[in-house]
Amino acid sequence: MIPYGRQDINQEDIDSVVSILKSDFLTQGPAIPAFEKSISEYCGVPHVVALSSATAGLHIACLALGLGRGDIAWTSPNTFPASANAALLCGADVDFVDIDPQTYNMCPKALRSKLDQAKKNGRLPKIVIPVHFAGQSCDMAAIATLAHEYGFKIIEDASHCIGAQYKGKKIGSCDYSDFCVFSFHPVKIITTGEGGAVTTRNPDLYKRLVLLRSHGITREESMFEGKSHGAWYYEQLGLSTNYRMTDMQAALGRSQLSRLDQFITRRREIAARYDALFSDFDSMRPHQIPEAESSWHLYVVQVPQGISRKDVFDKMRQADIGVNVHYIPVHTHPYFRNIGFIQGDFPLAEAYYESAITLPLYPGLTDQDQDYVVSHLISAINS
Ligand SMILES: *Cc1c(COP(=O)(O)O)cnc(C)c1O
């Protein structure tokens, strides 16, 4: 089977993990700050917190911004449920903003009109979580302008796009947001097995993230509310859980990060090659905005009108091609229906979903594999 995504692990990656296994610290050792420093340098951002997953990152980013009962956060319906669950796990409500039908990202025009309405109803969002779908940045300048006007905070769900750029700067630099969240799941751009990280420019928010990564507990004397009892002393100042990354993961992540630009280059080559091979199917290809340079986590095609996506999908799977679909609109899952959403709430995300197929794209995909995928897709469409 040619999968839709796959990690790329070399001997250096393996050696880096083995060296940690032979060292004094398997967790909370020096590999964590070393990995965080590498991300900070790569993204051009002062503060980075490595975590057990992007899901953990989204959750504690919401907590750090004080999201709680009575508040509401908005995200895109075209995402993995974790983007929405982060708000629900804080006891807050969630709502969605429909997508731009060309980029499949949160539409800033739809955001503005929903904000206007929310202002009239007295229920503005505390946080908006744009998701950089498939690795292409959202229109962050437009979203940040609205944040200023309507007074909400921004958490970028950048699970798809470490290594991508927006207006010539790395995603993760937080030029247009309070936090940016990366995922290091094996299908994403770099991997730590499970893992994630949050970046921020704000030193106070950074301190809160560090606290929330580990139960809300601190050992830093400057943060104590009471007096230290001695060198063993720590205080719990907030409520959280264990969202820490291990040193094995951090060492793997740092080794992977050193090849990130190579991965991105190869992903861009593969995407450009798909574009060229689909030159006769212009409407099928993913649209790119000039301000964004995608990390190409996913290459999603839209099956032409009148052709069954399910038929095409099944034919591809029968040919041992691990096509996938990203994403089932979050609000249509049973859990979200039970809290009041209905089919039809976000028609553009729903229409996009009906025709979407994700093709294989990862650094190790060969040109030969890619030709096989393309010929099967074209024959499935034409048959
Ligand atoms: C993968 C993904 C997540 C969750 O990442 P984990 O590291 O697996 O927790 C969240 N949001 C989006 C958009 C994702 O693709």
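In the block above lies the structure referred to throughout.
Read on for an overview of the structure.

Points about the overall build of the protein chain
Here comes step 1: Scanning the protein chain for helices and strands turns up 13 helices and 14 strands.
Here comes step 2: By the compact-globule yardstick of 21 Å for 383 residues, the protein chain fits well, its C-alpha radius of gyration being 21 Å.
Here comes step 3: On the principal axes, the C-alpha backbone points of the protein chain span a range of 75 × 60 × 40 Å.
Here comes step 4: Expressed as a percentage of its 383 residues, the buried residues of the protein chain come to 54%.
Here comes step 5: Sequence separation of at least 24 residues holds for 72% of the intrachain contacts in the protein chain that already meet a minimum separation of 6.
Here comes step 6: With the model as given, the accessible surface of the protein chain reaches about 16,700 Å², and the carbon-plus-sulfur share is 51%.

Let's talk about the pattern of salt bridges
Close approach of charged atoms allows side chains with opposite charge to pair.
Here comes step 1: Using the criterion set out here, one finds 17 salt bridges in the structure.
Here comes step 2: Between R268 and E293 there is a salt bridge, with its nearest N and O atoms 4.0 Å apart. In this pair, R268 is assigned in helix α9 (residues 260-277) and E293 in strand β12 (residues 292-293), connecting sequence segments 25 residues apart.
Here comes step 3: By sharing partners, the salt bridges in this structure join R266, E269, R273, D367 and D371 into a single network.

Quick look at the site of the ligand
Here comes step 1: T55, D157, H160, S183 and K188 are the nearest of the 15 residues found near the ligand.
Here comes step 2: D157 is positioned with one of its side-chain polar atoms (N or O) 2.8 Å from a nitrogen atom of the ligand.
Here comes step 3: Residue S183 places a side-chain N or O atom 2.8 Å away from an oxygen atom belonging to the ligand.
Here comes step 4: Here the ligand has 380 Å² of accessible area as a free molecule, and 92% of this is covered by the chains.
Here comes step 5: Here the ligand occupies the second largest pocket.
Here comes step 6: Of all the elements in the fold, those that place two or more residues in the shell around the ligand are α3 (54-64) and α4 (82-89).
Here comes step 7: In terms of residue class, the shell around the ligand is built from five nonpolar, eight polar and two charged.

Structural notes on the pairing of strand β3 (residues 93-96)
For a regular strand, the rule is simple: side chains alternate between the two faces of the sheet.
Here comes step 1: Relative to β3, strand β2 (residues 72-75) runs parallel, the two being bridged by four bridges. Note that in β3 the partner of A73 across the bridge is V94.
Here comes step 2: Traced from β2 through α4 to β3, the parallel crossover comes out right-handed.

What counts as what
Residues numbered from 1 in each chain as written. Predicted model: local features only at pLDDT ≥ 70, side-chain atom pairs only at ≥ 80, totals over all residues. Heavy atoms only, no water. Helix = DSSP H or I, 4+ residues; strand = E, 2+ residues; numbered from the N terminus. Rg over C-alpha atoms; globule rule 2.2 N^0.38 Å. Buried < 20%, exposed > 50% of the residue type's maximum accessible area, 1.4 Å probe, protein only. Contact = heavy atoms within 4.5 Å. Areas by Shrake-Rupley, 256 points an atom, 1.4 Å probe, with all protein chains shown as cover. Salt bridge = Lys/Arg side-chain N within 4 Å of Asp/Glu carboxyl O. Near = heavy atom within 4 Å. Polar contact = N/O pair within 3.5 Å; in protein donor to acceptor, adjacent residues only side chain to side chain. 1 Å grid on protein atoms, 1.4 Å probe; cavity = no way out; pocket = protein on both sides within 12 Å on 5 of 7 lines; lining within 4 Å. Sits in = over half its atoms within 2 Å of the grid points. Nonpolar A, V, L, I, M, F, W, Y, C, P; charged D, E, K, R; others polar. Pairing = 2+ DSSP bridges. Right-handed = clockwise from strand over helix to strand, strands pointing away.

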